[in-house]
Amino acid sequence: MKANVFLISILAISLLACSKSEDTAPAGKYSSGVFIVNEGQFQTGTGTVSFLNRDSKMVENDIFQMVNNRPIGNILQSLQIHNDRAYLVVNNAKKVEVVQAWDFKEVGTIQGLEMPRYFIGIDEKKGYISQWGAGGLEGSIKVVDLQTNTITKTIQVGRGAEKMLKVDNKVFVTCNGGFGNDNRVFIIDNQKDEVSATINTPDNANSLVLDANNKIWITCNGRSQWNGMASVTVSPAQLIRINPTNNQIEQNFAFDRHGLNNLVINAGRNLLFYTYSGRVFSQNINSGISANPLIRRGFYGLGHDATTDLLYAADAGNFSSNGKIIRFNPSGVAVDSMTVGIAPNGFYFR
Amino acid sequence: MIRFVCLCLLWLNTVIGVWAQDSLKTKTLADVIVQSNRLTHFTSGNKIQKIDSATLQSFQTNNLADLLAAHSQVFIKSYGLGSLATPSLRGTGASHTAVIWNGFNLQNSMNGNVDFALLPVFLLESVDIQHGGAGALFGSGAVGGAIHLNHSAKFGEGLGLTAQVGAGSFGNFQQGIKLKISKKKFVTGLKIFNHRAENNFSFVNTAKLGKPTERQANNAFKQYGFLQENYLKINDYQQIDFHIWYLNADRQIPPTLTTSQSQASQQDESLRLTANWNYKKNYVSYFARSAFFKEKLIYQEPDIQLFAVSKAITWVGEAESKIQLHKHQLLNVGVNHTYFQAETDGYRAGKLQHRTALFFSYKVNNAKDTWNAVASLRKELIDSYFAPFTPSLGFEGVLHKNWIFKGHFSKTYRVPTFNDLYWQSGGNPNLRPEAGWSGEFSADYALALRTKITMTVFNSLIDNWIAWLPNQQGRWSANNVLKVWSRGLEITARHQIDFQRVKLNTKLSYNHTISTNEKVGEGNENSLYQQVIYVPKHTAQGNISLIYRGLQLSYNHIFTGERFTTADSSQKLPFFSIGNLSIHQKIRQFDIQFQVNNLWNVSYQQIAFRPMPMLNFQAVINYQLPVNSNQ
């Protein structure tokens, strides 16, 4: 009898808890802060997610393992939050782990992927995952039913489908060539889930952002070749600006060598940051390439936090022991740094 | 029945025989060719463990990695059942243990490694583990120690035939035959074996949602091979021998817990030919030997269209001597020339290297042979530069009737591998050899041949340790960046109890190894003074066997302490403790063995995210043709 009373009260409490969470947006330990994506050790390791509390400046490492008592999987490529769920794209494990964004509790795994790279939420029910395909020489977008976490459709795009950006009902997909080369940006109609257009770009577009004027900026890495001693530039990097209404390239900034990546934009959407040739540069959307770098060192990933107006940079170190993140103010002066997991490559600000 | 009892006694003798070898007296066996000249006559002060023949007999269906993991102080890193297994001696790396087969180093010229999972115990005759640096005697790679695999022949023993079949869990089947014809002046032998295993063991996938129990996929193992040996006594002073050793393995490479499926596979093929000539008259012995090794490795990963072929050829010519200068002084002078050639996707045009080494040892002992000392020197020319000059000094002496003290100091070095030098991209042609020294003291305590305790302390330093690290642009390359300091303690204790017709042997060992990075590359300061990855600070082993007539019951327990998996000690694998049970019964010419591996059904990993099998079984039947001593 006592046990029954106990059970009923437990049930009542849990019901209460349920109804409560349905009414308000779920809150938890990770409701507000910065998620750091750590790729983890190549081959045998696991990716991890670190979480930075902006107020306490404390970093909690490997929160997925702590909450779910298991590793994420080999090479965590990216993290995206959509509808209060975090999507962890795990490249070498060929899957996407889905967790509740506020407390990181596991809810599902999306499988049937080959070298997945990035996730983007389309609406309540649908998401896209870009992937390089088996062998890294194809590229496609997998359409995911977010209620069942299953793949419903495959849209073929260019080699090395990489980062995506949704503008109205169009999704722009950069193709960085995967293990080969490509020179296109694909545009997908996200209502029909079909390719509606392609834009020819300089070689190997990899990252893109939307500016204050609703123009899209894209970094194109250029092309290189290994001559036996060093990587030699075959085609140099270029930063381009696209008008999403007519899909035209409106502006084009050329660099000397290949190697341009990690494009991010500030809160006002008028200042670009990117890495080139072992340096970090900033560039106003109304001006050209700056002669002097903002920071005289390269990073494995960049992020810009609108809340604090700080630039976050990921230092992957030796790729086999814990990396660091360094925070910079807008003028490129380091503010502080924290130790995170192995091989940090990116951020998600919440 | 009488014959049965005799056989049992003979067999027990081999078990117990090894206990009785504790004097410093040089063991001279008539009519046995001793090819291991330097190991036998010019090693002093090193801790040397000989795997006894009974233990070898009970590992006939296992590989060298299994044997050493259970019965030696060599730490074995195994990537899984049937997968790559490499040794670590005294806190050093996989390429810091030389594997000397009939006097020739088997370390691969491309990666410096020997895969112990591909060395079947069935083909081996003796396994001796020399702990500590032995660069002066055995050259490049003998840094943490050397493992000696020697073959020898006894003349005039008649015909010997052994046939063996084994079966075990996870679709494991093995067949083997050993044939030996031993005449007065001629011995020929052939060992053939075949091994197939699915290795599809069950494990809990702790990395997946819901932690499902899965079967290991893409993990099949196939290996066959033979070893053919011939010994000929030309006259009273001269003997020659030839060995042909061929191995062919085809393995699938399973996924890790954190990756998804795998389609990768690896094919290893090796042919090894050796020829030895030995002249012995009065006070001098001469040895001339030559070897030709051809190795081929194919690694395939259809997922990423990878098909990589690596080929290596090694030619060795060596001559050495053993000269009795005086009643109590021995001298060894030798020369070695080795030619390496290799080609792989990383250096398609192929690379080659010539090494010439001069070596010299001098041994002195007292009249009663209660103490001896050996001084050795080695100088090696690699193409056009010299490896560090390598001296060593060892001594051992009976201090008291129960106590023997030993000490050994040696410089050590390791020549960069072809991959370190030439792999594109990242290979560094300007690499220098790793160089270091190692020292040790041992005390052996023996009581009435029933109790024996060995305690060893060691200290070693390896500078210019070659590591692959990325620079700021993320480009990986090989550099002489690390300096590693290893020190520790090794204790082994054995005891034997006889109770009427029951014999109880126990052996306990414990290793304490601190191996730290004393110098690291720029940007890797987090790993400074941290324990080297995958080197456990604590390991322990216990073996207990009970022998009653033809029955032997053995239990082996292995404890491996936690190991860091990242250079900054931020991630680690927990300790594991596993047990193995083996039951042997001799019935006439048959020897029946049943093994229970991982008796306590422990889930563990030796390498992060690579599952190991839980409880599993193996059975072996061995038939031995009665020896016809009348020839």
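On a predicted model such as this, the values are computed, not experimentally measured, just so you know.

Trainee: Got a minute to help me understand the overall build of chain B in this structure?
Mentor: In terms of regular secondary structure, chain B is built from six helices and 34 strands. By the compact-globule yardstick of 25 Å for 631 residues, chain B fits well, its C-alpha radius of gyration being 24 Å. Taking the contacts inside chain B whose residues are at least 6 apart along the sequence as the reference set, 62% of them involve residues at least 24 apart. Taken as a whole, chain B presents about 26,600 Å² of accessible surface, with 60% of it coming from carbon and sulfur.

Trainee: Mind showing me how you'd approach the interface of chain B and chain A here?
Mentor: Many structure descriptions define interface size as the accessible area lost when the parts assemble. Contact residues are listed per partner, giving 33 residues for chain B and 36 residues for chain A. Of the roughly 2,600 Å² buried between chain B and chain A on both sides combined, carbon and sulfur atoms contribute 51%. Joining chain B to chain A, the criterion identifies seven residue pairs in polar contact (both at pLDDT 80 or more). For the side of chain B that touches chain A, the residue count by class is 10 nonpolar, 17 polar and six charged.

Trainee: Just checking my understanding: could you explain unusual backbone geometry for this structure?
Mentor: Trans is the prevailing form of peptide bonds, just as negative phi is the prevailing case for residues other than glycine. In the segment running from Gln424(B) into Ser425(B), the intervening peptide bond is cis, with an omega of 0°. Relative to the helices and strands, Ser425(B) resides in the loop between α6 (418–422) and β24 (434–447). You will see that Phe104(A), though not glycine, has its phi angle at about 65°, which is positive. On the basis of relative accessible area, Phe104(A) is assigned to the buried category, the value being 0%. In this structure, Gln500(B) is a non-glycine residue whose phi angle is positive, near 50°. Along the chain, the position of Gln500(B) falls in the loop between β26 (476–499) and β27 (502–519).

Trainee: Can you help me understand the environment of Glu138(A) in this one?
Mentor: Residue and element names in this part refer to chain A. Of note, Glu 138 is situated in the loop between β9 (126–131) and β10 (140–145). Judged by relative accessible area, Glu 138 falls into the partly exposed class, the value being 43%. Separated by 210 residues in sequence, Glu 138 and Tyr 348 have C-alpha atoms that sit 27 Å apart. Discounting residues that sit within four places of it in the chain, Glu 138 has contacts with Gln 131, Trp 132, Gly 133, Gly 158, Arg 159, Gly 160 and Ala 161.

Trainee: Looking at this structure, I do not really get helix α4 (residues 64–71) of chain B. What am I missing?
Mentor: Every α-helical turn comprises 3.6 residues, leaving residues that sit three or four positions apart pointing alike. Residue and element names in this part refer to chain B. In terms of residue burial, α4 counts as a mostly covered element, since six of its eight residues are buried. Leu 64, Ala 65, Leu 67, Leu 68, Ala 70 and His 71 are the residues of α4 that are buried. By the N-cap criterion, in which a side-chain oxygen at the helix start approaches the backbone nitrogen of a residue two or three places on, α4 is capped by Asn 63, the distance to Ala 65 being 3.0 Å.

Trainee: Can you walk me through the side chain of Thr55(B) in this structure?
Mentor: Residue and element names in this part refer to chain B. Considering the arrangement of structural elements, one finds Thr 55 in helix α3 (residues 53–57). Note on Thr 55: relative accessible area 11%, which makes it buried. Setting aside anything within four residues of it in sequence, one finds Thr 55 in contact with Leu 67 and His 71.

Trainee: Please clarify how the sheet that holds strand β5 (residues 104–105) of chain B should be interpreted in this entry.
Mentor: The strands that make up a sheet pair up through hydrogen bonds in the backbone, lying either parallel or antiparallel. Residues and elements named next belong to chain B. Here five strands make up an open sheet; going across it, the order is β1-β6-β7-β4-β5 and the pairing mixed. Of all strands in the sheet, those bounded by a partner on one side alone are β1 (48–50) and β5. Sheet analysis places β1 next to strand β6 (residues 127–131), joined by three bridges and oriented antiparallel. Counterpart to Ile 48 in the pairing with β6 is Gln 130.

Trainee: What is the right way to read the nonpolar core from this model?
Mentor: Side chains of a nonpolar character, in soluble globular proteins, are inclined to be buried together. Leu64(B), Leu68(B), Phe116(B), Val127(B) and Leu149(B) are the most contacted members of the largest nonpolar core, which totals 40 residues. Looking at this core, the elements with two or more residues in it are α4, β4 (97–101), β6, β7 (145–149), β14 (238–252), β16 (284–301) and β32 (576–587) of chain B. Sort the elements by how many residues they give to this core and α4(B) lands first, with five residues. Those residues in contact with Phe116(B) that lie beyond four places of it in its chain are Asn63(B), Leu64(B), Ala65(B), Leu68(B), Ile76(B), Ala85(B), Pro87(B), Val99(B) and Ile147(B). With 19 residues, the next largest nonpolar core counts Tyr30(A), Val37(A), Leu88(A) and Ala101(A) among its residues.

What counts as what
- Residues numbered from 1 in each chain as written.
- Chains lettered and ligands numbered in written order.
- Predicted model: local features only at pLDDT ≥ 70, side-chain atom pairs only at ≥ 80, totals over all residues.
- Heavy atoms only, no water.
- Helix = DSSP H or I, 4+ residues; strand = E, 2+ residues; numbered from the N terminus.
- Rg over C-alpha atoms; globule rule 2.2 N^0.38 Å.
- Contact = heavy atoms within 4.5 Å.
- Areas by Shrake-Rupley, 256 points an atom, 1.4 Å probe, with all protein chains shown as cover.
- Buried area = accessible area lost by both parts, 1.4 Å probe.
- Polar contact = N/O pair within 3.5 Å; in protein donor to acceptor, adjacent residues only side chain to side chain.
- Nonpolar A, V, L, I, M, F, W, Y, C, P; charged D, E, K, R; others polar.
- Buried < 20%, exposed > 50% of the residue type's maximum accessible area, 1.4 Å probe, protein only.
- Pairing = 2+ DSSP bridges.
- Core = buried A, V, L, I, M, F, W, Y, C linked by side-chain atoms within 4.5 Å.

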